[in-house]
Amino acid sequence: MAELRFQINDKAIERLPPPENGRYIVRDTELKGFFLVVGTRKKTFTIQGDLREEGKRAATIRVAIGDTSEMSTRAARAVAKEYLAQISRGQHPRGECRIAKATTAAALETPEAPKIVGITLRAAWERYKISMVRKNRSERTIESYRDHIERIFAGWLETPLIELGNDPAKVAAKHDAITEENGPYIANGSMRTLRAVYNHARKTNRELPPDNPVGSIDWNGEKRRDTGMGLADLKGWFLELAAIDNPIRREFHLFTLLSACRPAALKEAKPSHLDLRRRVLHVPRPKGGADRAFDIPLSRQMIRCLLRAMRFGRLMYPFEAREWIFPADSADGHLAEQKEERSTLSKWGNELRQTFRTIANPAGVSELDARMLMNHSIPGVNAGYITRHKLLEDHLRSQQQAISSTIFNALGNAVAEDENLIAWLGLGAARNAICRAADEFAEREAISTCNQAMLRPTSIRHR
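Let me sum up the structure you'll find in this document. (Residues numbered from 1 in each chain as written. Predicted model: local features only at pLDDT ≥ 70, side-chain atom pairs only at ≥ 80, totals over all residues. Heavy atoms only, no water.)

## Points about the overall build of the protein chain
Right, so step 1: If you tally the helices and strands in the protein chain, you get 18 helices and 8 strands.
Right, so step 2: Buried residues in the protein chain amount to 48% of all 463 residues.
Right, so step 3: Within the protein chain, counting contacts between residues at least 6 apart in sequence, those at least 24 apart form 61% of the total.
Right, so step 4: Summing over all exposed atoms, the protein chain offers an accessible surface of approximately 23,700 Å²; the carbon and sulfur share of this is 48%. (Helix = DSSP H or I, 4+ residues; strand = E, 2+ residues; numbered from the N terminus. Buried < 20%, exposed > 50% of the residue type's maximum accessible area, 1.4 Å probe, protein only. Contact = heavy atoms within 4.5 Å. Areas by Shrake-Rupley, 256 points an atom, 1.4 Å probe, with all protein chains shown as cover.)

Here it is as structure tokens:
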């Protein structure tokens with residue numbers, strides 16, 4: 001039978017009849033050098049190419065990739081691309097020293113498991129990390145990706161990506177294992193990271209299969225955690241917060257609630273980021289990197305919260321307080337861990353962001369304004385026509401004030417009745433001094449007033 005030519009695929013292979021005797025060849029019209037040898041008992045994927053030395057053909061190499069009953073056309077085509085690429089570089093795919101000057105169809109090499117080479121997961125990750133730095137991704141985002149690759153996929157770091165691309169079932173099995181060991185959210189998150197690294201690597205490694213192997217997994221169901229508080233829950237939460245011994249941590253949680261700022265960004269807030277004249281706190285590197293930098297408009301309650309945090313910071317950590325609003329005895333000099341025991345404080349972190357968004361409704365704040373206050377992206381084509389900083393000085397600040405006032409109004413008379421709340425938020429000489437300083441908008445005068453309040457006996461209990 002004469003040679004046939006068509007695009008080789010699994011269905012076409014099934015329809016190929018066996019020869020009456022001998023064998024025949026079916027050449028692929030998509031990939032030059034890739035063909036199928038059809039015998040009376042089996043069909044074998046094969047490649048053929050010319051090794052060249054100094055531009056001249058030195059030898060013709062023919063290598064059997066595998067039996068059609070053991071591997072799919074997709075997997076064989078991926079291996080064929082890798083083999084042909086190696087031959088074009090003057091390398092034998094099997095790493096053999098002896099190269100026959102010429103081979104014929106009758107001299108096929110014995111099929112054996114191909115040695116897969118190519119860019120490894122470690123190398124692909126290093127390249128992707130460089131691209132993230134160039135795109136100005138935040139350090140927290142890069143660290144999250146690093147944790148997925150170097151911890152979750154530690155056993156795959158030296159694995160060629162082509163091996164994963166050719167065996168998507170291996171990736172699906174890994175997802176199942178991570179789900180069992182680390183939980184569904186970590187499993188989904190680590191697979192998103194692997195998907196991004198693979199897609200980036202394929203831009204410069206065209207031998208990788210175009211279908212991302214992560215597409216083979218069955219994603220775990222994810223639901224947004226519905227753990228925010230309503231107005232009726234705030235009084236109990238404030239009583240819990242007032243009982244916390246560390247005043248800096250206390251102010252950190254309160255400001256998280258009042259601002260809806262992500263805890264990771266708030267930990268790195270500096271006095272230099274605070275502009276009391278404009279009544280804003282600048283967040284230079286939020287989630288999404290420096291390109292998403294924004295200013296948080298400050299309500300009166302938020303200003304008092306920050307001034308209390310800085311005042312206590314100077315008392316407890318005078319050196320660290322020069323650089324951080326929420327200083328701590330940590331390696332970085334600022335608060336490093338915001339988690340509390342649930343028995344001590346029932347809600348913290350992103351649960352307070354959900355509370356902020358929930359309370360924005362009874363405060364009369366529109367969805368659009370709430371999204372801008374939380375630095376969320378604005379959906380729709382009109383997003384590009386909204387200039388956020390033009391709304392910041394008056395409109396957004398009034399909306400922020402509405403939310404803060406609604407939160408504190410929910411406390412009722414508790415501020416005047418509970419001992420801890422009186423000591424923390426009650427009307428006293430020091431608090432009045434802070435309020436007056438905040439209303440003057442001048443940072444220098446405000447800090448000076450707070451320092452004077454620190455030197456006088458006050459009703460604020462130092463814990």
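## Comments concerning helix 2 (residues 73-88)
Right, so step 1: In this model, helix 2 (16 residues) spans 22 Å end to end at C-alpha, consistent with the 22 Å of a helix rising 1.5 Å per residue.
Right, so step 2: The element helix 2 is extensively covered by neighbouring structure, given that 12 of its 16 residues are classed as buried.
Right, so step 3: For helix 2, the complete set of buried residues consists of T73, A75, A76, R77, A78, V79, A80, E82, Y83, L84, Q86 and I87.
Right, so step 4: Residues of helix 2 that are buried sit in contact with helix 1 (10-15), strand 2 (23-28), strand 3 (34-39), strand 4 (43-53), strand 5 (56-67) and helix 5 (161-166).
Right, so step 5: Immediately beyond the C-terminal end of helix 2, within one or two residues, lies G90, with a positive phi of roughly 85°. (Expected span 1.5 Å × (residues − 1).)

## A short note on the nonpolar core
Right, so step 1: Judged by nonpolar contacts, the single largest core of 58 residues is most densely connected at F238, F255, L281, L298, F326 and I407.
Right, so step 2: At 8 residues, helix 11 (residues 300-316) tops the list of elements feeding residues into this core.
Right, so step 3: Among residues more than four places away in sequence, those in contact with L281 are F255, L266, A269, H273, L274, F294, D295, I296, L298 and I325. (Core = buried A, V, L, I, M, F, W, Y, C linked by side-chain atoms within 4.5 Å.)

## So, the environment of N205
Right, so step 1: With respect to the helices and strands, N205 occurs in the loop between helix 7 (184-202) and helix 8 (231-242).
Right, so step 2: Excluding its chain neighbours within four sequence positions, the residues that come into contact with N205 are I119 and R127.
Right, so step 3: A polar contact is formed between the side chain of N205 and the backbone oxygen of A201, at a distance of 2.8 Å. (Polar contact = N/O pair within 3.5 Å; in protein donor to acceptor, adjacent residues only side chain to side chain.)

## Digging into the pairing of strand 4
Right, so step 1: Pairing analysis gives 5 bridges linking strand 3 to strand 4, with the strands arranged antiparallel. Paired with V37 across the strands is T44, a residue of strand 4.
Right, so step 2: From the end of strand 3 to the start of strand 4, which pair antiparallel, there are 3 residues.
Right, so step 3: Pairing between strand 4 and strand 5: 10 bridges, direction antiparallel. Following the sheet pairing, L51 is matched in strand 5 by A59. (Pairing = 2+ DSSP bridges.)

## Structural notes on the pattern of salt bridges
Right, so step 1: Here the structure, examined in full by the defined rule, presents 14 salt bridges.
Right, so step 2: Between D211 and R74 there is a salt bridge whose closest N-O contact spans 3.9 Å. Of this pair, D211 sits in the loop between helix 7 and helix 8 while R74 sits in helix 2, and the two are 137 residues apart along the sequence.
Right, so step 3: For E340, the salt bridge goes to R249, with nearest N and O atoms at 2.8 Å. One end of the pair, E340, is in the loop between helix 11 and helix 12 (350-359); the other, R249, is in helix 9 (residues 247-259), with 91 residues separating them in the sequence. (Salt bridge = Lys/Arg side-chain N within 4 Å of Asp/Glu carboxyl O.)

## A short note on the packing of aromatic side chains
Right, so step 1: Tallying each qualifying case throughout the model produces 7 aromatic pairs.
Right, so step 2: Plain terms: the ring middles of W237 and F238 are 5.3 Å apart, the flat faces sit at 90° to each other, and that makes the pair edge-to-face.
Right, so step 3: On the accessibility criterion, F238 (0% relative accessible area) is buried.
Right, so step 4: Judged by centre distance (5.3 Å) and plane angle (90°), the rings of F252 and F326 are edge-to-face. (Phe/Tyr/Trp six-rings, centres within 6.5 Å; stacked < 30°, edge-to-face > 60°.)

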